[in-house]
Amino acid sequence: MSRVLVLNGPNLGRLGVREPEVYGSATHADLVAAVAGWADELGLEVEVRQTDDESVLVGWLHEAVDARAHVALNPAAFTHYSYALRDAAAQVTQAGLVLVEVHLSNPYARESFRHVSVVGPIATGTIAGFGVHGYHLALEVVAARV
Ligand code: DQA
């Protein structure tokens with residue numbers, strides 16, 4: 001069974017409380033439950049993690065490479081400036097694994113600092129603007145490609 005790590009970056013543990021008009025009313029626990037259901041349907045072994053810590057996220061990307069796990073990554077604010085995260089994420093795709101960049105909101109419809117993603121150019125692809133459903137799309141992409 002193919003393994004997928006769903007990795008969420010800073011402030012995504014605040015889902016449901018933080019700007020619900022932008023990110024929706026689902027909590028991170030709701031997201032975890034939804035992902036578990038989709039993973040079952042798609043026959044994927046999926047684990048969802050969230051951290052506010054850049055170095056932890058980098059470590060999890062290294063772990064994905066070593067464990068040959070595909071990745072759905074919402075880098076949150078790190079998207080826009082973290083070259084360390086970008087370099088770690090690049091190792092996932094360089095290893096021949098799928099890395100889907102996911103955003104709940106559509107960063108291109110928001111403030112200009114969100115228009116740049118340093119992760120996008122090294123990702124397999126990006127899904128943005130579809131809320132929690134974007135994670136379902138990301139898992140479907142992985143399932144279709146493995
Ligand atoms: C986000 C978009 C980022 O710009 C923002 O910093 C986030 C969440 C999204 O899922 O829409 O924290 O990645």
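Nothing here was measured: the structure is a model prediction, and the numbers come from that model.

**Q** Quick question: what am I supposed to make of helix H5 (residues 133-145) here?
**A** What sets the pattern is the α-helix's 3.6 residues per turn: residues three or four places apart point alike. Compared with an ideal rise of 1.5 Å per residue, which puts 13 residues at 18 Å, H5 spans 19 Å between its outermost C-alpha atoms and is within 8% of the ideal. Among the residues of H5, those classed as buried are Gly134, Tyr135, His136, Ala138, Leu139 and Val142. At its buried positions, H5 is contacted by strand S1 (3-8), helix H2 (28-42), strand S2 (45-50), strand S3 (70-74), strand S4 (99-103) and strand S5 (125-128).

**Q** Before we go on, may I ask you to explain the environment of glycine 125 in this structure?
**A** Structurally, glycine 125 can be placed in strand S5. Judged by its relative accessible area of 28%, glycine 125 is partly exposed. Put simply, glycine 125 and glutamate 101 are 24 residues apart on the chain and 6.3 Å apart in space, counted from C-alpha to C-alpha.

**Q** Can you walk me through the site of the ligand in this structure?
**A** In the region of the ligand, the neighbouring residues are Arg18, Tyr23, Asn74, Ala76, Ala77, His80, His103, Leu104, Ser105 and Arg114. The separation between an oxygen atom of the ligand and a polar side-chain atom of asparagine 74 is 2.8 Å. For the shell around the ligand, the per-class residue count stands at four nonpolar, four polar and two charged.

**Q** I tried to follow helix H3 (residues 54-67) on my own but got confused; where do I start?
**A** Here H3 contains 14 residues, and its C-alpha end-to-end distance of 20 Å stays within 8% of the 20 Å for a straight helix at 1.5 Å per residue. The set of residues buried in H3 consists of Leu57, Val58, Trp60, Leu61, Ala64 and Val65. Along the long axis of H3, the arc covered by the buried residues comes to 160°, so they all point the same way. Along H3, exposed side chains directed more than 90 degrees from the buried face belong to Ser55 and Asp66. The secondary structure elements touched by the buried residues of H3 are S1, S2, S3, helix H4 (83-94) and S4. Arginine 68 sits one or two residues past H3 and shows a positive phi near 55°.

**Q** Looking at this structure, I do not really get the packing of H3 against H4. What am I missing?
**A** When two helices pack together, their arrangement is given by the angle between the helix axes and the distance between those axes. Taken N-terminus to C-terminus, the directions of H3 and H4 make an angle of 10°; their axes are 8 Å apart at the nearest point. Between H3 and H4, the angle falls in the class roughly parallel. For the pair formed by H3 and H4, the contact residues are Glu54, Leu57, Val58, Leu61, His62 and Val65 on the first element and Ala84, Leu85, Ala88, Ala89, Gln91 and Val92 on the second. The residue inventory of the contact of H3 with H4, partitioned by class, reads nine nonpolar, two polar and one charged.

Thresholds, definitions, all that
Residues numbered from 1 in each chain as written. Predicted model: local features only at pLDDT ≥ 70, side-chain atom pairs only at ≥ 80, totals over all residues. Heavy atoms only, no water. Helix = DSSP H or I, 4+ residues; strand = E, 2+ residues; numbered from the N terminus. Expected span 1.5 Å × (residues − 1). Buried < 20%, exposed > 50% of the residue type's maximum accessible area, 1.4 Å probe, protein only. Contact = heavy atoms within 4.5 Å. Near = heavy atom within 4 Å. Polar contact = N/O pair within 3.5 Å; in protein donor to acceptor, adjacent residues only side chain to side chain. Nonpolar A, V, L, I, M, F, W, Y, C, P; charged D, E, K, R; others polar. Arc of directions from axis to C-beta. Axes fitted to C-alpha atoms, helices over the stretch in contact; angles between N-to-C directions. Parallel < 35°, antiparallel > 145°, perpendicular 65-115°, else oblique.

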